[in-house]
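Chain by chain, the residues run as shown.
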Amino acid sequence: MDVQKTTINAIRILSAEAIEKAKSGHPGLPMGCAPIAYTLFQNHLKFNPKNTKWENRDRFILSAGHGSMLDYSLFYLYGMGLTKEDLMNFRQLGAKTPGHPEYGHTAGVETTTGPLGQGIANAVGMALAEAHLAARYNKPNFNVVDHYTYAICGDGCLEEGISYEACSFAGTNKLGKLIVLYDDNDITIEGDTDVTFKEDVAARFEAQNWQVLKVNFVENPDDVALLSKAIETAKAETEKPSIIICRTHIGYGSPLEGSAKCHGAPLGADNLQKSKENLGWTYAPFECPQEVFDHCAVKAAAGAKDEAAWNELFAKYEAAYPELAKEYKSVMAGEKPNFDQMPELYDFEKPMATRQTSAKILNQIAAKMPGLMGGSADLGPSNLSEMKDTDEIKYGTFSADCFAGRNMHYGIREHAMAAMANGMQLHGGIQAYCATFFVFSDYCKPAMRLSALMKLPVTYIMTHDSIGVGEDGPTHQPVEQLIMLRSIPGIKVFRPADGKETAAAWVSAMSGEEPTVLVLTRQNLPQYENSGKVAMKGGYVLEDCEGTPDVLLIGTGSEVELCVKAKAVLAEQGVKARVVSMPCIEEFEKQSCEYKNSVIPANVKARVCVEAGSPYSWYKYAGENGEIVGMSTFGASAPAGVLFPHFGFSVENVVEKALVSVKKCK
């Protein structure tokens, strides 16, 4: 038996069988990429199947996540926790083998992929994280951070714009331990890529400062030695990331080989049987010869020895550099400072824009949180997202010349920035944040959605939060973005009204296990006496009246000021108002019914909700007798002081709406 060839064919057939049983899936990629994945796992990938979270493992990302059965077949053969029954339950409810790889659901999956291009950008973030941590913690003879990041992608990943952004960043920053294996088969769902994708991929990557290597599996089927040599060449190049262009046939070995028909649908029973005959596969469904498992077990045993050797190295490192080792263990464990012992976070006296208060808080936290790392998509001076050097701490800028820098310059690459931040967070050792103008959250949204899906506590700093942007006009004035982000399950959206609420939002972001969006103003806002840590509850009574209020004034961010001033005017007219600040609807909804009713009493039906964004967030809280002051149109180009009253954001209008609501309730 040629155990190498049999193992490659096992990957192909197991994948095709699982897809056939599920009557759903993508057999073309696993069958075409089987020799690529086998070569990587058997000969190069550093991993311990018994501990898929070993810190110094190589990272492997299947960016073309539709080919998920490639992952599952590998994980099964290499003993990473999947069983034959798991393969047989592919794409079924509750199975460990979902339709696309899901981080946290299946051991061995490094990131959730499927939306094409995301995995490549995640891989860039992981390679970035490895380079950064190595620069900070490695010492002569103690390379405690020393591993590669590999990604398999297809034509679809490279057609997505995010791949251009991420790969440009990787080449610019000379991320030499990033290796992409490109499944170049010229097929997508709609057929041959000649109608959509004819560029010279090699020239493109060379222009982006990548090393380009080529392996032709069409001429040399299953040539493991040829690919192994290419991977060794890629690993030897330390100044550039590498792409290995692997010429393949989609659906190799099946009657549908080379056809789009095997991209996204089962082969069919007859074609599956013919595939087995073509590949000389004589085993029962979902069965493999013991020699295959024994062959893979040799690699698994080697991986366990690799981890044991690393543990021994780290013990010596810890003895030689105890403080550095302590910090390394702390950042890898994701430890946070005790925010209760940081009262300075809530110390504000004069009016400030919440982007300014955020900058102050960011730097206070960064001084006590060595794993905090991030930056902006070329808007650092505007969204104030840079960690400033002090006499005690030098943060520096991450670059090809200084991997140890903690400040990121992502360039004008919002989509890749957010996905790279996911990769940094997934790698471990880094608490990632990124920043841009709020309106450009549209460019970040697919990656932000995946942050939420994976429960990654990435922090998104989004400034210039409303028509307060002013003269730049409607293209730069976010209107619908608040409701868009609030609609994503598992994400927290904070729009603070002052410095102390901003501090509470930052503490919530650093303490939670989900992504947080900080939506911050360009313009100055007052500081309120009664705000503070209570804002972590998402909503609270900022200013109250005696007895039962006649009307509730509910606002967020800059519009809380209008509510406070309207309360005073209403009091002069004999109307009792309560001001509720609602910086984070998601956190408010997590509170007990008793607490929520204490803030927004069910028996007080007169309400006004005020927010310079889409009104759709507020119908629940306004109720049938309430009023909403919001944005139902795009903004305009004019000074902010003109725009706010023009669109109804004035004390007078809030007062008028309050009186209307009170009248409705009589």
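Residues numbered from 1 in each chain as written. Predicted model: local features only at pLDDT ≥ 70, side-chain atom pairs only at ≥ 80, totals over all residues. Heavy atoms only, no water.

A. Layout of the overall build of the protein chain. Within the protein chain, the regular secondary structure consists of 24 helices and 20 strands. In terms of overall size, the protein chain behaves like a compact globule, its C-alpha atoms giving a radius of gyration of 28 Å where 666 residues would be expected to give roughly 26 Å. Along the longest, intermediate and shortest principal axes, the C-alpha atoms of the protein chain span 95 × 60 × 45 Å. Considering the protein chain as a whole, with its 666 residues, one finds that 62% of them fall into the buried category. Long-range pairs, those at least 24 residues apart, make up 77% of the contacts in the protein chain with a sequence separation of at least 6. Of the accessible surface of the protein chain, which amounts to about 25000 Å², a share of 50% is contributed by carbon and sulfur atoms. Averaging the positions of the 63 positive and the 81 negative side-chain charges in the protein chain gives two centres separated by 3 Å. (Helix = DSSP H or I, 4+ residues; strand = E, 2+ residues; numbered from the N terminus. Rg over C-alpha atoms; globule rule 2.2 N^0.38 Å. Buried < 20%, exposed > 50% of the residue type's maximum accessible area, 1.4 Å probe, protein only. Contact = heavy atoms within 4.5 Å. Areas by Shrake-Rupley, 256 points an atom, 1.4 Å probe, with all protein chains shown as cover. Lys, Arg positive; Asp, Glu negative; His and termini not counted. Charge placed at Lys NZ, Arg CZ, Asp CG, Glu CD.)

B. Structural view of the packing of helix 5 (residues 118–137) against helix 12 (residues 322–332). Two elements in contact, helix 5 and helix 12, have axes separated by 11 Å at closest approach and are oriented at 160 degrees. In terms of their interaxial angle, helix 5 and helix 12 are classed as roughly antiparallel. Facing L133, R136 and Y137 of helix 5, the residues of helix 12 in contact are L324, E327, Y328, V331 and M332. (Axes fitted to C-alpha atoms, helices over the stretch in contact; angles between N-to-C directions. Parallel < 35°, antiparallel > 145°, perpendicular 65-115°, else oblique.)

C. Up close: unusual backbone geometry. Phi is positive for K23, close to 60 degrees, though the residue is something other than glycine. Inspection of the secondary structure puts K23 in the loop between helix 1 (3–22) and helix 2 (28–43). In this structure K23 comes out as exposed when scored by relative accessible area, which is 58%. Despite not being glycine, K174 shows a phi value in the positive range, around 55 degrees.

D. The arrangement of the nonpolar core in detail. In terms of nonpolar packing, the biggest core is built from 77 residues, with V551, L553 and F649 touching the most fellow members. Examining the composition of this core, we find that 7 residues originate from one element, helix 18 (residues 499–511), more than from any other. In this structure F649 touches I467, E559, L562, V610, E611, A612, V629, G630, M631 and F644, once residues within four positions along its chain are discounted. F197, I243, A421 and C434 belong to the second largest nonpolar core, which has 66 residues in total. (Core = buried A, V, L, I, M, F, W, Y, C linked by side-chain atoms within 4.5 Å.)

E. Structural view of the environment of G268. Inspection of the secondary structure puts G268 in the loop between strand 7 (242–247) and helix 10 (269–279). Separated by 89 residues in sequence, G268 and T357 place their C-alpha atoms 61 Å apart.

F. Structural detail: the sheet that holds strand 13 (residues 492–494). The strand order 10-9-11-12-14-13 describes an open sheet built from 6 strands, whose pairing is parallel. Looking at which strands have only one partner, the edges of the open sheet turn out to be strand 10 (407–409) and strand 13. Put simply, the sheet's adjacent strands are angled 20 degrees from each other on average, direction ignored. (Pairing = 2+ DSSP bridges.)

G. How the structure looks around the sheet that holds strand 6 (residues 211–216). With parallel pairing, the 5 strands of this open sheet are ordered in space as 1-2-3-7-6. Edge positions in the sheet fall to strand 1 (59–62) and strand 6, since each has one partner strand and no second. On average, each strand axis in the sheet is tilted by 20 degrees relative to the strand beside it, whichever way the strands run.

H. Representation of the pairing of strand 9 (residues 372–376). By the criterion of burial, strand 9 is predominantly enclosed, with 5 of the 5 residues buried. Two strands pair when backbone bridges link them, and strand 9 and strand 11 (residues 431–437) are joined in this way by 5 bridges, in the parallel orientation. Across the sheet, the residue bridging to S376 is A435, located in strand 11. One ladder, built from 3 bridges, connects strand 9 with strand 10; its direction is parallel. When the bridges of strand 10 are listed, G375 appears paired with M408.

I. Here's a closer look at the pattern of salt bridges. Going through the model one piece at a time under the given rule, you end up with 29 salt bridges. In this structure, E312 and K316 form a salt bridge, with 3.8 Å as the shortest nitrogen-oxygen distance. Placement of the pair is E312 and K316 together in helix 11 (residues 290–320), with a separation of 4 residues, close to one helical turn. A single network of salt bridges, built from pairs that share partners, joins K492, E514, E587 and K590. (Salt bridge = Lys/Arg side-chain N within 4 Å of Asp/Glu carboxyl O.)

J. Region of interest: the packing of helix 5 against helix 15 (residues 414–427). With their axes 7 Å apart at the nearest point, helix 5 and helix 15 run at an angle of 55 degrees to one another. Taken together, the axes of helix 5 and helix 15 lie oblique to each other. The way helix 5 lies across helix 15 gives a crossing that is right-handed. Contacts from Q118, A121, N122, V124, G125, M126, L128, A129, E130 and L133 of helix 5 reach helix 15 at H415, A416, A419, M420, N422, G423, M424, L426 and H427. (Left-handed = near helix turned anticlockwise from the far one by under 90°.)

K. Broad picture of the pairing of strand 14 (residues 516–519). Burial along strand 14 is two-sided: the residues T516 and L518 and V517 and V519 are all buried. As for the winding sense of the linkage, the β-α-β connection from strand 13 through helix 18 to strand 14 is right-handed. (Right-handed = clockwise from strand over helix to strand, strands pointing away.)

L. Layout of the environment of P601. Among the secondary structure elements, P601 is positioned in the loop between helix 21 (593–599) and strand 19 (607–610). As a C-alpha pair, P601 and L552 span 49 residues in sequence and 8.9 Å in three-dimensional space.

M. Up close: helix 19 (residues 559–572). The end-to-end C-alpha separation of helix 19 is 21 Å, in line with the 20 Å expected for 14 residues at 1.5 Å each. Three or more residues of helix 19 are buried, namely E559, V560, L562, C563, V564, A566, K567 and L570. On its buried face, helix 19 sits against strand 16 (540–543), strand 17 (551–555), strand 18 (577–581), strand 19, helix 23 (640–646) and helix 24 (651–664). Immediately downstream of helix 19, the backbone of G574 shows phi near 80 degrees, a positive value. (Expected span 1.5 Å × (residues − 1).)

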